[in-house]
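Commentary on secondary and tertiary structure
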Amino acid sequence: MRKILSNGFKKTSALMLAMILVMGLAAGCSQSGDASKDKTPADTGNDETPNGSSEVTEVTMWGSWGGDQVGQLEAQLKAYNESQDKIHVTYTVQDSLEEKLLTAIVSNQAPDVVLWDRFNTGVYAPKGALTSLDDLVQQDGLDMSQFYAPAVDELTYDGKLYGIPLTVDSRILFYNKEMFADAGVDPASITDWESLRQAAIKLTKRDGDKLVQSGFSLRDVGLFNNWIQQAGGKMIDDSATPAKTAFNTQAGLDVLAYWDQLLNKDKVYELGFEDAFGGDGFKAGKVAMTFNGPWTLQSYKDAGLDFGVISQPEGPNGAKSAMMGGFGLVIPNKAQHTEAAWEFVQWWTMQPSSEVEFAKISGNLPANRNAAADPYFTNDEILKVFTETMDYATIRSKVPGYSDVEGLALIPQLQKYVAGEISAKEALSNAQSQGDSILAEAAQ
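Residues numbered from 1 in each chain as written. Predicted model: local features only at pLDDT ≥ 70, side-chain atom pairs only at ≥ 80, totals over all residues. Heavy atoms only, no water.

1. Observations concerning the sheet that holds strand 8 (residues 172-176)
Spatially, 13-8-14 is the arrangement adopted by the three strands of the open sheet, whose pairing is antiparallel. Single-partner strands in this sheet number two, and they are strand 13 (289-292) and strand 14 (307-310). Along the sheet, successive strands turn relative to each other by an average axial angle of 35°, direction set aside. Direction of pairing for strand 8 relative to strand 13: antiparallel, over a ladder of four bridges. (Pairing = 2+ DSSP bridges. Helix = DSSP H or I, 4+ residues; strand = E, 2+ residues; numbered from the N terminus. Axes fitted to C-alpha atoms, helices over the stretch in contact; angles between N-to-C directions.)

Now the structure itself:
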């Protein structure tokens, strides 16, 4: 996940493609089949056995990462390609990745490996898009406990593993060191909601009624999912059948009351304040504190900011939480070179040195706990806080329909609330009604 809410469930076109896929699978391909039987050299007609062929196997990797990230991936692939002479991996950027993958599977043109947003596993595994890796893991005796457990869980559907975790990410509190020094605020003093609030008040500057420096950014209401856990609540009650929303509670109201205090009473932030700075007032030196993830580190360094990071603050009753996102590597159904792809996946994810080198190239945090224990992370004052956060971070709900509950039901209501259009009770009640309907429909 590089953004917590970046991946919604796909719309009508994806559903139609899924129907086509199921028909194609029924015609002769095992749906999300056993990887050890799914594709072998005899199945594909390709002489692709890494240990038994003198030919180089061309492995195609798809992903949605573009821009500067293409160069980062290509540097990692170059390291792999040069480490042996049997397999050559090439990366191709794909917009609308998941829909194109379904189409490619139907037309027998699936790539061999995909850089996969783990959150999508529960949506596309049941559509037959992915190959189960359980037999390959067992065959090679791989220890999956070396990865962060929530990341493994996110790649698991209906008891089957469909990918190997590659990266993890979460948001923590970034702070501007110069602003803190000027305001006499000790970053170590920020440990909970109240100390965060007091610091934000001291860090806020106004010229008359005009806000010129915000103490704390409240731009992203989508972080409600983390705030409510710190308040002792949760987003979904998955013990119910069908699952129901669980945010219209006292914990949810406590979050919105806290936001109201910061926005309308303490006035540490104003809606739209960061719009004039490209949406990132912290990068522009106009916001003292903001929640953000490791993907922004290089951008902030390039901007010349002198910044530090603080772990997630505890809620009113001492609860601490963070939301874990990130990517994994999966092998699609009908991949042409499963064995070669599996060797490549193991090289990247199972060898801590490979994960560490990619972190140095890209700034991404490794999902491999052994890699995260490398001094490169533990001796860095910023990366150390991120890796420590992973010890208590959790993933978003895997209940079908959850993403739409956030994106279509909850967030629009929260936006109305912070804009002063509706009350806190109205916002949560409206979102509950819409969200429960979404979950009920998704469960059918």
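2. What to know about the pattern of salt bridges
Side chains that carry opposite charge are capable of pairing whenever their charged atoms lie near each other. Per the stated rule, a full pass over the model turns up eleven salt bridges. Taking the shortest distance from any N to any O, the salt bridge between Lys-398 and Asp-153 comes out at 2.9 Å. Within this pair, whereas Lys-398 is found in the loop between helix 18 (383-389) and helix 19 (402-418), its partner Asp-153 is found in helix 8 (residues 149-154), the two being separated by 245 residues in sequence. On the basis of relative accessibility, which here comes to 42%, the residue Lys-398 falls in the partly exposed class. Across the pair Asp-266 and Arg-197 runs a salt bridge, and its minimum N-O distance is 2.5 Å. (Salt bridge = Lys/Arg side-chain N within 4 Å of Asp/Glu carboxyl O. Buried < 20%, exposed > 50% of the residue type's maximum accessible area, 1.4 Å probe, protein only.)

3. What about the packing of aromatic side chains?
Within the structure shown, the criterion is met by 25 aromatic pairs. Between Phe-282 and Tyr-300, the ring centres sit 5.1 Å apart and the planes meet at 50°, which makes this aromatic pair tilted. Linking Phe-282 in the loop between helix 12 (250-265) and strand 13 with Tyr-300 in helix 13 (residues 297-302), this pair joins segments that are 18 residues apart in sequence. For the pair formed by Phe-282 and Tyr-300, the shared burial category is buried. Looking at Lys-127, its charged tip hangs above the ring of Tyr-124, at a distance of 4.6 Å from the centre. In this structure, Arg-396 is placed above the aromatic ring of Phe-119, and the distance from its NZ or CZ to the ring centre is 3.8 Å. (Phe/Tyr/Trp six-rings, centres within 6.5 Å; stacked < 30°, edge-to-face > 60°. Lys NZ or Arg CZ within 6 Å of the ring centre and 35° of its normal.)

4. Thoughts on unusual backbone geometry
For the peptide bond that leads from Thr-241 to Pro-242, omega is -5°, which places it in the cis range. Mapped onto the fold, Pro-242 is located in the loop between strand 11 (236-237) and strand 12 (244-245). One non-glycine residue, Asn-108, lies in positive phi territory at about 60°. As for its placement among the helices and strands, Asn-108 is situated in the loop between helix 5 (97-106) and strand 3 (113-117). Of note, Asp-158 is a non-glycine position whose phi angle comes to about 50°, a positive value. Note on placement: Asp-158 falls in the loop between strand 4 (156-157) and strand 5 (160-161).

5. Digging into the sheet that holds strand 3
Pairing in this open sheet of five strands is mixed, and the strands run 2-1-3-15-6 from one edge to the other. Both edges of this open sheet fall to strand 2 (87-93) and strand 6 (164-165), since each of them pairs with a single strand only. In this structure, strand 3 lies alongside strand 15 (residues 327-330), joined through four bridges in antiparallel fashion. Counted as the bridge partner of Asp-117 is Phe-327 from strand 15.

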